[in-house]
Every structure is written in C-alpha cells, then in structure tokens.
Amino acid sequence: MRRIVLDTNCLLMCIFPNSPYHQIWTDFVEGRVAWCVSTEILSEYMEILEQKTNSWFAETIVNAIVNNETTVRVSPTFFFNLIQADPDDNKFVDCAVCSNAEYIVSNDAHFRVLKQIGWPKLSVITIDDYSTIR
C-alpha cells in the first residue's frame, strides 16, 4: 500500500465532500492509501482544524485519522532539519523518512528544497499531482 504524508494545507483541501480533492480523503478512509503521522502532525491538524472550523469537527477528523487501520504512526527519533525557511515543516519530513513514505503531499513552496537534497531522498508532490499517482 502506498504511504503518504499529508501536509496540513492539503488536509484542509481534501476533507470536505464538495472539494475537487476529496478523493485523497476517500482513498484514505477506504484503505487505498496509508497516511503517515506523528504526534506533532496530529497536534497541528487539530490546531488548524479548530481554527478553520470548530472543536467538534477537528476532533472528529483527527479521531478518524488516529482510528483508521491504514494510519501509520511514527515517533521520529532523529530530526533532519532540512527545511530552513520554515522549520515547522520539518515534522512532515521527519515523519516521511521514519515511515518510509513514498510521497509528501504539499502545496507549500518550502518543500521544494527537498528536490535538491540527495539524502534522505524524499518525493514531494502537490495535491493536484496526487491524482496522477493513484
């Protein structure tokens, strides 16, 4: 099964049924793709979802992620600090490395620096690119 790490901006874009990106959420819920997460990522999901929606909705989404059998939980023990422009994004990089994720899905330009790094080799795709890898 394909493993991905989903940046928070893309989570917000895919969770609503009327979104053109809802297929990512559907693929996850139906077990066609595994999402890799760490405690730090789940905390950010909760924080941003609460800001953009409400506490009940945020808790519902995060619980759905935590309780899904295809969720891969990791606890990074090494921190690569590859993204200097926005160090907060490194939690997604560390999770991807530790979980052996195939892709980081993000529209954040800060992740582009990863294309220039030889090791660890990480592939970053945009949410628009996701449909081509399904």
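It should be noted that the structure appears before, not after, this text.
Residue numbering note: each chain is counted from 1, following its sequence as written. Totals for whole chains, interfaces and linings use every residue, but because this is a predicted model, local features are given only for residues with pLDDT of at least 70 and side-chain atom pairs only at 80 or more, for both listing and counting. Hydrogens are left out, water is left out, and the side-chain values use all remaining heavy atoms of the structure.

(A) Representation of the pairing of strand β1 (residues 2-6) within the structure. When DSSP finds at least two bridges between two strands, those strands are taken to pair. Working definition: helices are DSSP H or I runs of at least four residues, strands are E runs of at least two. Numbering for both runs from the N terminus. Where β1 and strand β2 (residues 33-37) come together, 3 bridges link them in parallel fashion. Within β2, the residue paired with R2 across the bridge is V33. As paired strands, β1 and strand β4 (residues 103-105) are joined by 3 bridges and run parallel to one another. Paired with L6 across the strands is V105, a residue of β4.

(B) Here's a closer look at the packing of aromatic side chains. In this scheme Phe, Tyr and Trp rings, the latter by its six-membered ring, pair at centre separations within 6.5 Å, and the angle between planes marks the pair as stacked below 30 degrees, edge-to-face above 60, and tilted otherwise. Per the stated rule, a full pass over the model turns up 4 aromatic pairs. Summarising the aromatic geometry, the rings of W25 and F28 are spaced 5.7 Å apart at their centres and angled 55° between planes, so their arrangement reads as tilted. With W25 and F28 both in helix α2 (residues 22-29), this residue pair falls 3 residues apart, about one helical turn. The classification of residues rests on relative accessible area computed with a 1.4 Å probe and restricted to protein chains. Under 20% of the type maximum is buried, over 50% is exposed, and intermediate values are partly exposed. Residue classification places W25 among the buried positions, given a relative accessible area of 10%. Plain terms: the ring middles of W25 and W35 are 5.5 Å apart, the flat faces sit at 65° to each other, and that makes the pair edge-to-face.

(C) Representation of the packing of helix α3 (residues 39-52) against helix α5 (residues 90-99). Direction vectors running N to C along α3 and α5 enclose 140°, while the axes themselves pass 9 Å from each other. Considered as vectors, α3 and α5 are oriented oblique to each other. Between α3 and α5 lies a crossing of left-handed hand. Of the residues in α5, those touching α3 at E40, I41, E44 and Y45 are K91, F92 and C95. Put simply, Ala, Val, Leu, Ile, Met, Phe, Trp, Tyr, Cys and Pro go in the nonpolar bin, Asp, Glu, Lys and Arg in the charged bin, and everything else, Gly too, in the polar bin. Here the residues of the contact of α3 with α5 sort into 4 nonpolar, no polar and 3 charged. The convention used is that axes are lines fitted to C-alpha atoms, helices contributing only their stretch in contact, and that angles between N-to-C directions extend from 0 to 180 degrees. If an angle is under 35 degrees, it is roughly parallel; if it is over 145, roughly antiparallel; if it lies from 65 to 115, roughly perpendicular; otherwise it is oblique. Crossing chirality is assigned from the near helix's rotation relative to the far helix, an anticlockwise turn below a right angle marking it left-handed and a clockwise turn marking it right-handed. Residue contacts are defined here by distance: any two heavy atoms, one from each residue, within 4.5 Å place the two residues in contact.

(D) Seen up close, the pattern of salt bridges. Any Lys or Arg side-chain nitrogen found within 4 Å of a carboxyl oxygen on Asp or Glu counts as a salt bridge. For the structure shown, the criterion picks out 4 salt bridges. Where R32 meets E30, a salt bridge forms, and the shortest distance between an N and an O atom there is 2.5 Å. Note that K91 is salt-bridged to E44, the shortest N-O span being 2.9 Å. Here E44 lies in helix α3 and K91 lies in helix α5, a separation of 47 residues in the sequence. The exposure classification of K91 matches that of E44, with both residues buried. Through salt bridges that share partners, D27, E30 and R32 make up one connected network.

(E) Region of interest: the state of the cysteines. Pairs of cysteine sulfur atoms within 2.5 Å are identified as disulfides in what follows. Summed over all chains, the structure comprises 0 disulfides. C36 forms no disulfide, and the closest cysteine sulfur to it belongs to C95, at a distance of 5.5 Å. Owing to a relative accessible area of 1%, C36 belongs among the buried residues under this scheme. For C95, a relative accessible area of 0% puts it in the buried group.

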